[in-house]
Amino acid sequence: MSTYGFYFDGTRCTACKTCVYACKDKNDLGLGFAYRKVFEYTGGSTNRDGGGAISTDCFAYSVSLSCNHCDDAVCIEVCPTAAMHRDPETELVCVDAKVCIGCGYCALSCPYRAPKVDREKGHSVKCDGCHHLVKNDEAPVCVLACPTRALGFGTIPDMQAKGEQANIAPLPTKEYTKPNMFIKPSKDALPAALPAGTNNAFIANPLEVL
């Protein structure tokens, strides 16, 4: 079980993506790589009835997501070289670049698409929870950068006290990997793994997150 996890307050997030840019800057990530991403999820419809009255059930909300350092981390399970592993001090999931062969099994198996294979470097890359900062009692840069304090980070009991285990759309259901991300959902948040087409819901910024 992981020692640390993330917290996301969906009632505070404005989708400014400062968390994304702070992470890219800290890790010197180029075009096409982002360890944290912000999903913009929207849906609903607007209709006019026979009398001319207009009604709507449109909604929109954001979800900031990085690696969830899951209890059942499938990326670790499928890694053939043990390059994907837990840091012994923090239990955060990290990549050992020295033994990673860039096979991509981790990227293919993760339902959150957290790991990616950097072909130029020849190995997988992902959010490591800024474990070097955490060891010095500092928070990850994404958390420090958030202007609305929508992100939090800490021990699992502390994060559990703030929110529910991540289980809202467009994320997969929590049973897959038991993510160590806890969420205070916005009032518009929908359950995870909804049937296709429910409420006409869709990811509005697929080029940024998929």
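On a predicted model such as this, the values are computed, not experimentally measured, just so you know.

### Remarks on the overall build of the protein
Phase 1 of the analysis: Helix and strand counts for the protein come out as 7 helices and 13 strands.
Phase 2 of the analysis: For the protein, the C-alpha radius of gyration of 18 Å lies close to 17 Å, the compact-globule estimate for 210 residues.
Phase 3 of the analysis: Counting only C-alpha atoms and orienting by the principal axes, one finds that the protein spans roughly 70 × 35 × 30 Å.
Phase 4 of the analysis: Sorting the 210 residues of the protein into buried and exposed places 46% on the buried side.
Phase 5 of the analysis: Of the contacts formed within the protein by residues at least 6 apart in sequence, a portion of 61% connects residues at least 24 apart.

### Focus on the sheet that holds strand E11 (residues 164–165)
Phase 1 of the analysis: The strand order E10-E1-E12-E11 describes an open sheet built from 4 strands, whose pairing is mixed. Of all the strands in the sheet, the pair left with one neighbour each is strand E10 (151–155) and E11.
Phase 2 of the analysis: Pairing between E11 and strand E12 (residues 181–184): 2 bridges, direction antiparallel. Residue pairing across strands places Gln-165 opposite Phe-182, the latter belonging to E12.

### Here's the deal with unusual backbone geometry
Phase 1 of the analysis: A cis amide bond links Ala-169 with the next residue in sequence, Pro-170, at an omega value of 10°.
Phase 2 of the analysis: Position of Pro-170 among the secondary structure elements: in the loop between E11 and E12.
Phase 3 of the analysis: A positive phi angle is found at Lys-17, which is not glycine, with a value near 70°.
Phase 4 of the analysis: Within the secondary structure, Lys-17 sits in the loop between strand E1 (4–9) and helix H1 (18–27).
Phase 5 of the analysis: At Asp-28, a position not held by glycine, the phi torsion is positive, near 55°.
Phase 6 of the analysis: For Asp-28, the position within the fold is in the loop between H1 and strand E2 (37–43).
Phase 7 of the analysis: Overall, the relative accessible area of 68% leaves Asp-28 in the exposed class.

### A short note on the packing of aromatic side chains
Phase 1 of the analysis: In this structure the tally under the stated criterion is 4 aromatic pairs.
Phase 2 of the analysis: Ring centres 5.6 Å apart and planes at 65° place the aromatic pair Tyr-41 and Tyr-61 in the edge-to-face group. One end of the pair, Tyr-41, is in strand E2; the other, Tyr-61, is in strand E5 (residues 59–65), and 20 residues separate them in sequence.
Phase 3 of the analysis: Residue classification places Tyr-41 among the buried residues on the basis of a relative accessible area of 9%.
Phase 4 of the analysis: Owing to a relative accessible area of 6%, Tyr-61 belongs among the buried residues under this scheme.
Phase 5 of the analysis: Consider the rings of Phe-59 and Tyr-61, whose centres lie 6.2 Å apart with planes at 25°: the pair is stacked.
Phase 6 of the analysis: These aromatic residues form a ring-pair network of at least three members: Tyr-4, Phe-6 and Phe-153.
Phase 7 of the analysis: The side chain of Arg-36 reaches across the aromatic face of Phe-6, ending 4.9 Å from its centre.

### Digging into the nonpolar core
Phase 1 of the analysis: Tyr-61 and Val-63 are the most contacted members of the largest nonpolar core, which totals 40 residues.
Phase 2 of the analysis: With 4 residues, the top contributor of residues to this core is E5.
Phase 3 of the analysis: If we ignore the near neighbours within four places in the chain, the residues touching Tyr-61 are Phe-39, Glu-40, Tyr-41, Ile-168, Ala-169, Pro-170, Ser-186, Asp-188, Ala-189 and Leu-190.
Phase 4 of the analysis: Membership of the second largest hydrophobic core comes to 8 residues, among which are Cys-75, Met-84, Val-93 and Cys-106.

### Details of the environment of Ala-139
Phase 1 of the analysis: You can see Ala-139 is positioned in the loop between helix H4 (131–134) and helix H5 (141–145).
Phase 2 of the analysis: Among all residues touching Ala-139, those that are not within four sequence positions of it are Leu-133 and Leu-144.

### A closer look at the pattern of salt bridges
Oppositely charged side chains may form a pair once their charged atoms are brought near each other.
Phase 1 of the analysis: The final tally for this structure, using the stated rule, is 6 salt bridges.
Phase 2 of the analysis: For Glu-89, the salt bridge goes to Lys-135, with nearest N and O atoms at 3.9 Å. Separated by 46 residues along the polypeptide, Glu-89 in the loop between strand E6 (84–86) and strand E7 (93–95) and Lys-135 in the loop between H4 and H5 bring together distant segments of the chain.
Phase 3 of the analysis: A relative accessible area of 58% means that Glu-89 is categorised as exposed.
Phase 4 of the analysis: Several salt bridges share partner residues, and in doing so they unite Lys-17, Glu-40 and Glu-208 into one network.

Procedures and definitions
Residues numbered from 1 in each chain as written. Predicted model: local features only at pLDDT ≥ 70, side-chain atom pairs only at ≥ 80, totals over all residues. Heavy atoms only, no water. Helix = DSSP H or I, 4+ residues; strand = E, 2+ residues; numbered from the N terminus. Rg over C-alpha atoms; globule rule 2.2 N^0.38 Å. Buried < 20%, exposed > 50% of the residue type's maximum accessible area, 1.4 Å probe, protein only. Contact = heavy atoms within 4.5 Å. Pairing = 2+ DSSP bridges. Phe/Tyr/Trp six-rings, centres within 6.5 Å; stacked < 30°, edge-to-face > 60°. Lys NZ or Arg CZ within 6 Å of the ring centre and 35° of its normal. Core = buried A, V, L, I, M, F, W, Y, C linked by side-chain atoms within 4.5 Å. Salt bridge = Lys/Arg side-chain N within 4 Å of Asp/Glu carboxyl O.

Interpretation note: all reported values are geometric properties and have no functional meaning in isolation.
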